[in-house]
Amino acid sequence: RIRTAGELVHCLPDTLTALEEGRLTARHANEVVDTVRSLDDEARHKVEQAVLPEPEQITDPVPTMAAFHRRLRRESVKADPRSAEEKATRAAEDRDVWMLPGQNGMSYVGAPLPAEGAETVGAAVDAKAEEIKLDDDPRTKAQRRADGLVQLCADYLNGLRSGVKIKNDAEAAATRAGTQAPRYH
């Protein structure tokens, strides 16, 4: 949230104004920030000007998310027609893991990752959630996934390995092609 707020204030002032005036919701503003994050200043400004609703043109106060998302993506490609690979490389430079305190003893963990890395994390969390499932387990799958993520990290810090070999789709495809799945280190 802090990063998004900073980007709105310093890089996307017109989006911030639209948010303050009620022309966009917080979800719309977040979508703008996420979409233009990897663009240079000139392209970012072009996209912002193209997608923000003008106050005098509003009939429906807030565009639907689906329509807004499509227009945002279309304008982003027009403003910066670099290859998808080049854009992915630049976006991957922003990878990170963040933690934010929540309420009632809870916190949030997030990580914008390259797609393959996110698939790897998801596959590991899903496998761990199944591994820790108890007979008549009262926890939901979502709760077991959260517990599994924490358990994976605790096991690593304690020097433990589960010994379970997990092959996600990317790794299985790579094995069939005679290559290895990507290593993250």
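The model shown is predicted, which means the values in this text are computed figures rather than measured ones.

Caption draft 1: Just the confidence of the model for the protein chain, in detail. Summarising the model, the protein chain shows a mean pLDDT of 81, and 81% of its residues fall at 70 or more. Confidence scores differ between elements of the protein chain, with helix α9 (residues 169–176) showing the lowest mean pLDDT of 49 and helix α8 (residues 141–157) the highest of 93. Here residues 176–182 is modelled with pLDDT under 50, and outside its nearest four sequence neighbours on either side it reaches 5 contacts, counting other chains as well.

Caption draft 2: Broad picture of the pattern of salt bridges. In total, this model carries 13 salt bridges according to the counting rule given. A salt bridge links Glu 31 to Arg 73; its shortest N-O distance comes to 3.5 Å. One end of the pair, Glu 31, is in helix α3 (residues 26–36); the other, Arg 73, is in helix α5 (residues 65–79), and 42 residues separate them in sequence. According to the relative accessible area criterion, Glu 31 is buried, its value standing at 15%. We classify Arg 73 as partly exposed; its relative accessible area is 39%. The salt bridge involving Arg 37 is made with Asp 34; its shortest N-O contact spans 3.3 Å. By relative accessible area, Arg 37 is classed as partly exposed at 22%.

Rules of the game
Residues numbered from 1 in each chain as written. Predicted model: local features only at pLDDT ≥ 70, side-chain atom pairs only at ≥ 80, totals over all residues. Heavy atoms only, no water. pLDDT = per-residue confidence, 0-100. Helix = DSSP H or I, 4+ residues; strand = E, 2+ residues; numbered from the N terminus. Contact = heavy atoms within 4.5 Å. Salt bridge = Lys/Arg side-chain N within 4 Å of Asp/Glu carboxyl O. Buried < 20%, exposed > 50% of the residue type's maximum accessible area, 1.4 Å probe, protein only.

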